[in-house]
Amino acid sequence: EFAGIYCIKVDNEIVYIGKSGNMLRRIAQHYAGIQMGTEKKYRIMAEARRKGHNIGFDVLYYAKSRRYADKLAEIGEREGDYIRRHKPILNAQIPKEQDWSKWDLNEVDAKAILESIL
């Protein structure tokens, strides 16, 4: 199990950043979500793919801690840094700098995002 922080890219531009205790399983869930269009972010990515854009996944950070609980805290603390640095347009929750378990909401405007991507 690889715990860490990953991103989803459209044409090499980061559009979503997430964390997971098992990145392989989580990326597979995202891929299935894009196939089925189960959430707004997935419908946006599916539309981008239909229009010929490349959808890709990359690992941004591997957790270094050994214990599972420590790994989750480590990636939880770092995820917000990555989101604030890259400002991905599909992240609806922006972890607060002082407490990664709390977040600010970022309204995802699907039409505006699609226009900016496409």
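Residues numbered from 1 in each chain as written. Predicted model: local features only at pLDDT ≥ 70, side-chain atom pairs only at ≥ 80, totals over all residues. Heavy atoms only, no water.

**Student:** Can you help me understand helix 2 (residues 40–50) in this one?
**Tutor:** Think of an α-helix as 3.6 residues a turn; residues three or four steps apart then line up on the same face. Every buried residue belonging to helix 2 is among K41, Y42, I44, M45, A46 and A48, and all of these are buried. The positive-phi residue at the C-terminal boundary of helix 2 is G52, with phi of around 95°. (Buried < 20%, exposed > 50% of the residue type's maximum accessible area, 1.4 Å probe, protein only. Helix = DSSP H or I, 4+ residues; strand = E, 2+ residues; numbered from the N terminus.)

**Student:** Explain the nonpolar core to me, please; I cannot follow it from the model alone.
**Tutor:** Considering soluble globular proteins, one finds that nonpolar side chains tend to be buried as a cluster. Ranked by internal contacts, the top residues of the largest apolar core, which has 14 residues, are M45 and L90. Contributions of two or more residues to this core are made by strand 1 (4–10), strand 2 (13–20), helix 1 (23–36) and helix 2. Here the element with the most residues in this core is helix 2; it accounts for five residues. A3, C7, I14 and I17 belong to the second-largest nonpolar core, a separate cluster that totals ten residues. (Core = buried A, V, L, I, M, F, W, Y, C linked by side-chain atoms within 4.5 Å.)

**Student:** Where do I start with the side chain of K41 in this structure?
**Tutor:** Counting through the fold element by element, K41 comes out in helix 2. Within polar-contact distance, the side chain of K41 engages the side chain of Y16 at 3.4 Å. Filtering out sequence-adjacent residues up to four positions away, K41 remains in contact with Y16, H30 and L90. (Polar contact = N/O pair within 3.5 Å; in protein donor to acceptor, adjacent residues only side chain to side chain. Contact = heavy atoms within 4.5 Å.)

**Student:** Help me understand the packing of aromatic side chains in this model?
**Tutor:** Describing an aromatic ring pair means giving the distance of the ring centres and the angle of the ring planes. Applying the stated rule across the entire model yields one aromatic pair. A ring pair is formed by F2 and Y62, whose centres lie 5.8 Å apart and whose planes are at 65°; its orientation type is edge-to-face. Highlighted residues: F2 in the segment before strand 1 and Y62 in strand 3 (residues 55–62), separated in sequence by 60 residues. Taking relative accessible area as the criterion, Y62 reaches 44% and is therefore assigned partly exposed. (Phe/Tyr/Trp six-rings, centres within 6.5 Å; stacked < 30°, edge-to-face > 60°.)

**Student:** What's the story with the packing of helix 1 against helix 2 in this structure? I'm lost.
**Tutor:** What describes two packed helices is the angle between their axes and the distance between those same axes. Helix 2 packs onto helix 1 with a crossing angle of 70° between their chain directions and a minimal axis gap of 8 Å. Here helix 2 runs roughly perpendicular to helix 1, going by the angle between their axes. Two packed elements cross with a definite hand, and for helix 1 against helix 2 that hand is right-handed. Each of R26, Q29, H30, Y31, G33, I34 and Q35 in helix 1 lies in contact with helix 2, whose residues at this interface are K41, Y42, M45, A46 and R49. Residue composition of the contact of helix 1 with helix 2, by class: five nonpolar, four polar and three charged. (Axes fitted to C-alpha atoms, helices over the stretch in contact; angles between N-to-C directions. Parallel < 35°, antiparallel > 145°, perpendicular 65-115°, else oblique. Left-handed = near helix turned anticlockwise from the far one by under 90°. Nonpolar A, V, L, I, M, F, W, Y, C, P; charged D, E, K, R; others polar.)

**Student:** I tried to follow the sheet that holds strand 3 on my own but got confused; where do I start?
**Tutor:** Through backbone hydrogen bonds, the strands of a sheet pair up, either in parallel or in antiparallel fashion. Strands sit in the order 2-1-3 across an open sheet of three strands; the sheet is antiparallel. Every interior strand has two partners, whereas the edge strands, strand 2 and strand 3, have only one. Strand-to-strand twist in this sheet, taken as the mean axis angle between neighbours without regard to direction, amounts to 25°. Pairing of strand 1 with strand 2, which is carried by seven bridges, proceeds in the antiparallel orientation. From the neighbouring strand, C7 faces strand 2, where its bridge partner is I17. Against the sheet, helix 1 contacts strand 1, strand 2 and strand 3, and its axis sits at roughly 155° relative to strand 3. (Pairing = 2+ DSSP bridges.)

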